[in-house]
Amino acid sequence: MRQRPTWAAGGSPDMARVVVHPGFHKTGTSSLQTYLTKHRAALCPYMAFYGKDDFLQAGAAARLYAQRPFRWRLWLFRRRLDRFLATISDAPVVVLSRETFSGSMPGHRRMSGRLITRYHDVAVPLGHQINAALRARFGPDVQITYFYTLREREDWIRSVYGHLLRSIHLTCDFNAFRAQFPDLIDPATEAMRITQNLGIADVHCADLHDIGHRRAGPASALLDLIGVPAAVQDALPPAARANAGQDLELQNTFLALNRAGLSKAALKRRKEELRRLAD
């Protein structure tokens, strides 16, 4: 059972605010989640933070809906999210961070084989369910804020490509991969489009280029948004980078391995060995 936090002066669980951080992928989300989870106790007076490890079932259901967007999978996501929300204590500020709340990472494929190139078509149905679940749990007057971490478009798609090289059996080089995205989304524009369709007016975005170097890394912008005092932030240890991308040499090695015809198990084992050596 989770321990009920002690809230900072002025907070009132009767006036709940929920900050939803639905990604995007490869915009510092893992670093943010790792940092805030690690320092959850120190930040307890200011917010209740829940990252992907806290609601694995709901996060997985969101990803599966993106890959197989059947209505019953959306219902399953809502059911698992409701179940998770029922387990948490009331709090004046709750933060939910999970990139699969926007769907699956572009570059993956749907069950039909169609390439996923954007978030909007599944992020909006997921968002409607998230908002409805939050109102059901915290009341109709809950303040819902959406917070996105972003990245410059071309830098973002290169990071996505590097991630997919090590996580799936991707065999095309970057130029061929990039050519599959002739109308590549701009993450900032995509975030605005999604939240406008959701009717969310309280939207905040932070670019990884502007926040990645700060003491708490990508989490810094969220701490500022919540109103965590600068003195409290400065007392926390500096962030370590999580889920960092590979350099070009390692990407080329992963590409060669993907093309080598290894068994699935052998390919996975070799990639894990290379990642351990790189760390």
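See the structure shown above.
What comes next is a walk through the structure. (Residues numbered from 1 in each chain as written. Predicted model: local features only at pLDDT ≥ 70, side-chain atom pairs only at ≥ 80, totals over all residues. Heavy atoms only, no water.)

Topic: the overall build of the protein
When its secondary structure is counted, the protein shows 13 helices and five strands. The globule rule puts the C-alpha radius of gyration for 279 residues at 19 Å, and the 19 Å found for the protein is close to it. Counting only C-alpha atoms and orienting by the principal axes, one finds that the protein spans roughly 60 × 45 × 35 Å. Relative to its 279 residues, the protein shows a buried fraction of 51%. By sequence separation, contacts in the protein at least 24 residues apart represent 76% of the contacts at least 6 residues apart. Of the roughly 13700 Å² of accessible surface on the protein, 51% is carried by carbon and sulfur atoms. Charge-centre separation for the protein: the mean point of 39 positive side chains lies 8 Å from the mean point of 25 negative side chains. (Helix = DSSP H or I, 4+ residues; strand = E, 2+ residues; numbered from the N terminus. Rg over C-alpha atoms; globule rule 2.2 N^0.38 Å. Buried < 20%, exposed > 50% of the residue type's maximum accessible area, 1.4 Å probe, protein only. Contact = heavy atoms within 4.5 Å. Areas by Shrake-Rupley, 256 points an atom, 1.4 Å probe, with all protein chains shown as cover. Lys, Arg positive; Asp, Glu negative; His and termini not counted. Charge placed at Lys NZ, Arg CZ, Asp CG, Glu CD.)

Some remarks on the pairing of strand β1 (residues 17-21)
As a general feature of sheets, a regular strand has side chains that alternate between the two faces. Counting buried residues in β1 gives five out of five residues, a clear majority hidden from the surface. Residues R17, V19 and H21 point to one face of β1 and V18 and V20 to the other, with burial holding for every one of them. The sheet contact formed by β1 and strand β4 (residues 143-150) spans four bridges and is parallel. Pairing of V18 across the sheet is with I144, part of β4. (Pairing = 2+ DSSP bridges.)

Notes on the nonpolar core
F77, L81, L85, L96, L134, F138 and F177 are the most contacted members of the largest nonpolar core, which totals 61 residues. When residues of this core are assigned to their parent elements, the largest contribution, eight residues, is made by helix α5 (residues 120-138). Residue contacts for F138: discarding those within four places in its chain leaves A16, V18, L85, I88, D90 and V94. The next biggest cluster of nonpolar side chains, apart from the first, holds 21 residues, and it includes L222, L225, I226 and L236. (Core = buried A, V, L, I, M, F, W, Y, C linked by side-chain atoms within 4.5 Å.)

Remarks on the layout of surface pockets
Estimates place the volume of the second largest pocket at around 430 Å³. At the level of secondary structure, the elements contributing two or more residues to the lining of the second largest pocket comprise α6 (153-167) and α13 (264-278). With seven residues, α13 is the largest single contributor of residues to the lining of the second largest pocket. (1 Å grid on protein atoms, 1.4 Å probe; cavity = no way out; pocket = protein on both sides within 12 Å on 5 of 7 lines; lining within 4 Å. Points joined across faces, edges and corners; volume = space filled by probe spheres on them.)

Section: empty space enclosed by the protein
One pass over the structure, following the stated rule, counts one cavity of 30 Å³ or more. For the largest cavity, the calculated volume is near 30 Å³. Lining of the largest cavity is provided by P22, F101, S102, A123, G127, I130, Y146, Y148 and I194. Elements that contribute at least two residues to the lining of the largest cavity include exactly α5 and β4. With three residues, the top contributor of residues to the lining of the largest cavity is α5.

Some words on the pattern of salt bridges
For the structure on display, the rule yields ten salt bridges. Across the salt bridge formed by R137 and D90, the nearest N and O atoms sit 2.8 Å from each other. With R137 in helix α5 and D90 in the loop between α4 (71-85) and β3 (93-97), this pair connects stretches of sequence that are 47 residues apart. Under the relative-accessibility criterion, R137 is labelled partly exposed at 23%. (Salt bridge = Lys/Arg side-chain N within 4 Å of Asp/Glu carboxyl O.)

Details of the sheet that holds strand β2 (residues 48-50)
The five strands are arranged β2-β3-β1-β4-β5 in an open sheet whose pairing can be described as parallel. Among the strands making up the open sheet, the edge pair consists of β2 and β5 (203-207). Strand-to-strand, the axes of this sheet are offset by a mean angle of 20°, without reference to chain direction. Its contacts with the sheet put helix α1 (residues 29-38) on β1, β2, β3 and β4, and the angle it makes with β2 is roughly 135°. (Axes fitted to C-alpha atoms, helices over the stretch in contact; angles between N-to-C directions.)

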